[in-house]
Amino acid sequence: MKRRKFIQKSILAVSVLAIKPSLLLADSPSQFELPPLNYPYNALEPYIDAQTMEIHHSKHHGAYVKNLNEAIKGTKFETMSLEKILENLTSKDTKIRNNAGGHYNHTFFWKIISPSDTKEPTGKLAEALTQKFGSTEKFKEIFSDKAKSLFGSGWTWLLYNKKRGLFIENTPNQDNFAMKNIYKDTASPIIGLDVWEHAYYLKYQNRRNEYIQAFWNVLNWKEIENNYDKALKSK
Ligand code: MN
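A few points on the structure. Along each chain, residue indices are assigned from 1 in the same order as the chain's sequence is written. Only residues with pLDDT of at least 70 get local features here, since the model is predicted, and only at 80 or more are side-chain atom pairs given and counted; chain-wide, interface and lining totals rely on the full set of residues. Only heavy atoms go into the side-chain values, all of them from the structure, while hydrogens and water stay out.

## A look at the overall build of the protein chain
The cut-off we apply is this: Strands are runs of DSSP state E lasting at least 2 residues, helices are runs of H or I lasting at least 4, and numbering of each runs from the N terminus. Note on exposure labels: buried denotes an accessible area under 20% of the residue type's maximum, exposed denotes more than 50%, and partly exposed covers the range between, all computed with a 1.4 Å probe on protein chains only. Any two residues whose heavy atoms approach within 4.5 Å at even a single point are treated as in contact. For every accessible area listed, the method is Shrake-Rupley and the probe measures 1.4 Å; residues are considered covered only by the protein chains on display.
Looking only at helices and strands, one finds nine helices and three strands in the protein chain. Its helices and strands taken in sequence order, the protein chain reads α-α-α-α-α-α-β-β-β-α-α-α from the N to the C terminus. The burial tally for the protein chain puts 45% of its 235 residues in the buried class. Relative to all contacts within the protein chain whose residues are 6 or more apart in sequence, the contacts with residues 24 or more apart total 68%. Summing over all exposed atoms, the protein chain offers an accessible surface of approximately 13,000 Å²; the carbon and sulfur share of this is 55%.

Structure, rendered in structure tokens:
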């Protein structure tokens, strides 16, 4: 009897231990995580240096993820996907706006930059850029000028929606065009450039223009063309 009880207790203890991680997950279904980079921190040298990449990804993006998890805890946003959070937040949800935006924008950014031999867009996107801006070169010029004109911290975007087609806009801080209650003209991001000083200051200091020029050397045009394809198919 004693022995049997002991065995039962042991089995119980083991099974409690075994299910504990999944219980933890169930307690917090919307814990966001820092996505890994698909390339090493030094992969974009000499255009974006390894130290900047490491701090930017692990510390800055890491902090947005951590602060987002804290900000949504116990709110109606806790069980939403990142996209749903962006769609539903309002200008009153400052901490969620900054950190959900930060998580979304950086996750997007790491994908559209990468070590690549492809220096120019091709296919449908190249045609659309030429039609809208005159040429790919002219598009890069206009986009770069828009990034240079951004005052303070923010992002420069190439966006697409049905109403405006391809267009270029800046957003302050970590805002983006998925925030439906803040940007009525919602649009899909095709390219996003992080123009915060933390994205370039270690290497370029005050020379923002040089960082913007360097950006064109690290674009993952395959991913960007995929973004355009997806945008054309979206509502
Ligand atoms: Mn950043």
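So, next bit.
## A short note on the coordination of the manganese ion
For clarity, the cut-off: Each metal site is built from N, O and S donor atoms within 2.8 Å (3.2 Å for Na, K and Ca), and since water is not included, such sites may look incomplete.
With distances of 1.9 to 2.1 Å, the protein atoms coordinating the manganese ion are His56 (NE2), His106 (NE2), Asp194 (OD) and His198 (NE2). Donor residues for the manganese ion sit on one chain with the sequence pattern H-x49-H-x87-D-x3-H. In this pair, histidine 56 sits in helix H2 (residues 50-72) while histidine 106 sits in helix H4 (residues 94-112), placing the two residues 50 residues apart along the sequence.

## Focus: the nonpolar core
Note the cut-off: In this description, a nonpolar core means a group of buried Ala, Val, Leu, Ile, Met, Phe, Trp, Tyr and Cys residues linked to one another through side-chain atoms lying within 4.5 Å.
Ranked by size, the top nonpolar core spans 64 residues in total, and within it Ile113, Phe139, Leu158, Leu166, Ile190, Ile191 and Phe215 carry the most contacts. At seven residues, the largest contribution of residues to this core is made by H4. Discounting chain neighbours no more than four positions away, the residues touching isoleucine 190 are Phe108, Ile112, Leu125, Leu158, Leu159, Tyr160, Leu166, Ile224, Asn227, Tyr228 and Ala231.

## Some words on the packing of aromatic side chains
The following threshold applies: Any Phe, Tyr or Trp ring, taking Trp's six-membered ring, that has another such ring centre within 6.5 Å forms a pair; planes under 30 degrees apart are called stacked, those over 60 apart edge-to-face, and the others tilted.
Counted under the stated rule, the structure contains 17 aromatic pairs. For the pair phenylalanine 139 and tryptophan 216, a centre-to-centre distance of 5.8 Å together with 80° between the ring planes defines the contact as edge-to-face. Separated by 77 residues along the polypeptide, phenylalanine 139 in helix H6 (residues 136-149) and tryptophan 216 in the loop between helix H8 (208-215) and helix H9 (221-233) bring together distant segments of the chain. When sorted by exposure, phenylalanine 139 lands in the same class as tryptophan 216, which is buried. Here the aromatic rings of phenylalanine 143 and phenylalanine 215 are separated by 6.3 Å at their centres, their planes lie at 15°, and the arrangement is stacked.

## What about the side chain of aspartate 49?
This is how it is decided: When charges are counted, Lys and Arg contribute as positive and Asp and Glu as negative, whereas His and the chain ends are disregarded. What makes a salt bridge here is a side-chain nitrogen of Lys or Arg within 4 Å of a carboxyl oxygen of Asp or Glu, nothing more. Polar contact is defined as a pair of N or O atoms within 3.5 Å, subject to the rule that within protein one atom must be able to donate a hydrogen and the other to accept it, and that residues adjacent in sequence are counted only when both atoms are side-chain atoms.
Along the chain, aspartate 49 falls in the loop between helix H1 (2-27) and H2. Buried and unpaired, aspartate 49 has lysine 203 as its nearest opposite-charge partner, separated by 5.8 Å. Polar contacts involving the side chain of aspartate 49 include one to the side chain of threonine 52, which spans 2.7 Å. Every residue in contact with aspartate 49, bar those within four places of it in the chain, is listed here: Tyr41, Leu202 and Lys203.

## A look at the pattern of salt bridges
Under the definition given, this model contains 13 salt bridges. Of the charged contacts, one joins glutamate 137 and lysine 140 as a salt bridge, the two residues approaching to 3.7 Å between their closest N and O atoms. On the criterion of helical spacing, the pair formed by glutamate 137 and lysine 140 is a turn pair, its members being three residues apart in helix H6.

## Some details on the pairing of strand S2 (residues 165-172)
For clarity, the threshold we go by: Being paired, for any two strands, means DSSP has found at least two bridges between them.
Of all eight residues making up S2, six are buried, and the element is well covered by its neighbours. Pairing between strand S1 (residues 154-161) and S2: eight bridges, direction antiparallel. Bridge pairing in S2 places tyrosine 160 opposite leucine 166. Here S1 hands over to S2 after three residues, the two strands then running antiparallel side by side.

## Focus: the packing of H6 against H8
As a reminder of what qualifies: Interaxial angle, 0 to 180 degrees, is taken between N-to-C directions of lines fitted to C-alpha atoms, where a helix line uses only the stretch in contact. Two helices that cross are described as forming a left-handed crossing if the nearer one is turned anticlockwise from the farther one by less than a right angle, and a right-handed crossing if clockwise. Throughout this entry, Asp, Glu, Lys and Arg are counted as charged residues, while Ala, Val, Leu, Ile, Met, Phe, Trp, Tyr, Cys and Pro are counted as nonpolar. The remaining residues, Gly among them, count as polar.
Where H6 meets H8, the axes come as close as 10 Å, and the angle between the chain directions of the two elements is 145°. Considering how the two elements wind past one another, H6 and H8 form a crossing that is right-handed. Here Phe143, Ser144, Ala147 and Lys148 of H6 lie close against H8, whose contacting residues are Arg208, Asn209, Ile212, Gln213 and Phe215. Looking at side-chain class alone, the contact of H6 with H8 contains four nonpolar, three polar and two charged residues.

## Observations regarding the pairing of S1
A large share of S1 lies buried, amounting to eight of its eight residues. Where S1 meets strand S3 (residues 188-194), six bridges bridge the pair, whose relative direction is antiparallel. Residue threonine 156 lies in a different strand from S3, and its bridge partner there is leucine 193.

## Some details on helix H5 (residues 123-133)
How we decide: This arc is built from the directions going out from the helix axis to the C-beta atoms.
The set of residues buried in H5 consists of Leu125, Ala126, Ala128, Leu129 and Phe133. Along H5, the residues classed as buried sweep out an arc of 165° about the axis, all on the same side. Pointing more than 90 degrees away from the buried face of H5 are the exposed residues Glu127 and Gln131. Of the surrounding secondary structure, the elements contacted by the buried residues of H5 are H6, S1, S2, S3 and H9. Residue glycine 134 follows H5 closely and has a positive phi angle near 105°.

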